[in-house]
Amino acid sequence: MDAEQSEAMSRIAGIISDHPSPERERLLQQMLRVYAQPGLSSGAVSGNRTPAALAFHGTAATNFFKSAEVAVVLDGCLYNLDELQELNAEGDAAVIARLYLRYGLTDALRKINGDFALALYDFRDQALYLARDRFGLKPLYYYQGDQLFAFASRPRALLVLPGVSAEPNRQFVALFAAGHYRYFDNDPASSPYAHIAQLPAATVLCRKHGRLSSWAYWEFQDAPDLNGSEEGLAEQYRALLFDAVKRRVARAVHPAFTLSGGMDSSSVLASAVKLSGRKYAAFSSVYSDKTYDESDEIRSMLDATVERWHAIAVDRPDVFGLVNTMVRAHDEPVATATWLSHFVLCREARALGFGSLFGGLGGDELNAGEYEYYWFHFADLRSAGRE
């Protein structure tokens, strides 16, 4: 399930240099101009008398926090603020700062349910920390040079810095061109650019006294099989799905939902309707070629869950023009036609004023519903003697 919340829409950037200077501030402002778009404005900048300067650009003032001890800039939002009320903090960035001061960053991140990329600067020991959410839904890139260290939500913001080359990472690009789109990101620390690194999901990067260190604060664990009846396990699964949907819809601004003919997006939308007691707008990619069109399956959901259905035709798109636009938007290649149709759909939703768009992308894979998983299923059947 993915959602882009305009309430917490922001991008972050920052520079650490050995000597604070007006030049550093000018470079930071150049980085922020890369993010400029209607409706967004630059937030506060911290650390004018320290080696670090941090900034955010967006709509949510709660995504910046500064005290005498720490400064935090945040891209994203937290979904379990109700579980952290004892911190008595106003805003997501303030919650992160208080968690850090109480527990340290690693334990603080383990307490957070959210989609985020963040930077935290500790004025006391002049340490900068970067971190991403557990699944890397929010991007974060960085550059380490001889004279400065910089980070940004987009690679393009780093390319404005002196010494940062736009030379492509040829292996990264080749994987995009030749690999199935579920496999091209096997090197999560790489970026499309040879001299720009990407912070992997569920990872902390620390820069202190000019030295870098990193560690994972969370990883998948190989857990034993769950025990119980099929009905009992299904109820546990349903409760987890409802909780995930409820928390995200609560932070959404003017939400809409993508809807295909599959179980993934349908489950997310149906959960939101059941929890809220209201219907929502839905967007679907439709095609004149019935090989790909799922309109008939989609219509089975409309009466019960959809307030208004927006069928977005993707029949003769300007492929090269759209790919160029998508590359400019994401600073990376385009790996699959699925992304192109989703981009067209998202652009239409935004044009109609929706601030949050929920989808089911990844749901089939999560539930072993894709063809790559079939042979694992058959192997399990054979192992159990169920030829």
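Note that this is a predicted model, so its numbers are computed, not measured. (Residues numbered from 1 in each chain as written. Predicted model: local features only at pLDDT ≥ 70, side-chain atom pairs only at ≥ 80, totals over all residues. Heavy atoms only, no water.)

(A) Quick look at the pairing of strand β7 (residues 127–132). Extensive coverage of β7 is indicated by the burial of six of its six residues. Both faces of β7 are covered, namely the face carrying Ala127, Tyr129 and Ala131 and the face carrying Leu128, Leu130 and Arg132. Across six bridges, strand β6 (residues 114–122) lies against β7 in antiparallel orientation. Looking at β7, one finds that leucine 118 is bridged to alanine 131. The antiparallel hairpin formed by β6 and β7 contains four residues in its connecting segment, where glutamine 126 sits at a positive phi of about 55°. Bridging between β7 and strand β11 (residues 203–208) involves five bridges; their strand directions are antiparallel. Paired with leucine 128 across the bridge in β11 is arginine 207. (Buried < 20%, exposed > 50% of the residue type's maximum accessible area, 1.4 Å probe, protein only. Helix = DSSP H or I, 4+ residues; strand = E, 2+ residues; numbered from the N terminus. Pairing = 2+ DSSP bridges.)

(B) The arrangement of the nonpolar core in detail. Grouped together as the largest cluster of nonpolar side chains are 28 residues, with contacts concentrated most on Ile96, Leu109, Phe116, Leu118, Leu120 and Tyr129. Counting residues per element, the ones that place at least two in this core are β5 (70–78), α2 (92–103), α3 (105–110), β6, β7 and β11. The leading source of residues in this core is α2, at seven residues. Residues in contact with isoleucine 96, not counting those within four places in the same chain, are Val72, Leu74, Leu78, Ile112, Leu118 and Leu120. Counting 21 residues, the second-largest nonpolar core is a separate cluster that includes Ala52, Val73, Tyr121 and Leu199. (Core = buried A, V, L, I, M, F, W, Y, C linked by side-chain atoms within 4.5 Å. Contact = heavy atoms within 4.5 Å.)

(C) How the structure looks around the sheet that holds β5. Strand order in the open sheet made by the six strands is β4-β5-β6-β7-β11-β12, with antiparallel pairing throughout. Edge positions in the sheet fall to β4 (64–66) and β12 (211–216), since each of these pairs with one other strand and no more. Neighbour-to-neighbour, the strand axes of the sheet open up by a mean angle of 15°, direction not taken into account. Bridge count for β11 against β12 is six bridges, and the pairing is antiparallel. When the bridges of β12 are listed, leucine 205 appears paired with serine 214. (Axes fitted to C-alpha atoms, helices over the stretch in contact; angles between N-to-C directions.)

(D) Molecular detail of unusual backbone geometry. We note that glutamine 126 has phi near 55°; this positive angle belongs to a residue other than glycine. Looking at the secondary structure, you find glutamine 126 in the loop between β6 and β7.

(E) Seen up close, the state of the cysteines. What the rule picks out here adds up to zero disulfides. Free cysteine: cysteine 77, not disulfide-bonded; nearest cysteine sulfur from cysteine 346 at 17 Å. (Disulfide = S-S within 2.5 Å.)

(F) Quick look at the side chain of threonine 305. Along the polypeptide, threonine 305 turns up in helix α8 (residues 295–305). From its side chain, threonine 305 meets the backbone oxygen of methionine 301 in a polar contact 2.7 Å long. (Polar contact = N/O pair within 3.5 Å; in protein donor to acceptor, adjacent residues only side chain to side chain.)

(G) Representation of the packing of helix α6 (residues 230–251) against helix α7 (residues 263–276) within the structure. Viewed as axis vectors pointing N to C, α6 and α7 meet at an angle of 75°, and their least axial separation amounts to 9 Å. Considered as vectors, α6 and α7 are oriented roughly perpendicular to each other. When α6 is examined against α7, the residues Leu241, Phe242, Val245, Lys246 and Val249 are found in contact with a partner set consisting of Ser267, Val268, Ser271, Ala272, Lys274 and Leu275. Here the contact of α6 with α7 is composed, by residue class, of seven nonpolar, two polar and two charged. (Parallel < 35°, antiparallel > 145°, perpendicular 65-115°, else oblique. Nonpolar A, V, L, I, M, F, W, Y, C, P; charged D, E, K, R; others polar.)

(H) Representation of the packing of helix α9 (residues 319–330) against helix α10 (residues 337–351) within the structure. The contact between α9 and α10 brings their axes to 11 Å, and the two run at 75°. Classified by the interaxial angle, the pair formed by α9 and α10 is roughly perpendicular. In contact with Val319, Leu322, Val323, Thr325 and Met326 of α9, α10 contributes Trp339, Leu340, Phe343, Val344 and Arg347. Of the residues contributing to the contact of α9 with α10, the split by class is eight nonpolar, one polar and one charged.

(I) Geometry of the pattern of salt bridges. Overall, the coordinates contain 17 salt bridges when judged by the stated rule. Beyond isolated ion pairs, a larger network of salt bridges with shared partners links Asp82, Glu83, Asp243 and Arg247. (Salt bridge = Lys/Arg side-chain N within 4 Å of Asp/Glu carboxyl O.)

(J) Summary view of the environment of glutamine 236. Residue position: glutamine 236 is located in helix α6. Between the C-alpha atoms of glutamine 236 and glycine 385, which are 149 residues apart in sequence, the distance is 28 Å.

Read these as geometric descriptors, not functional statements.
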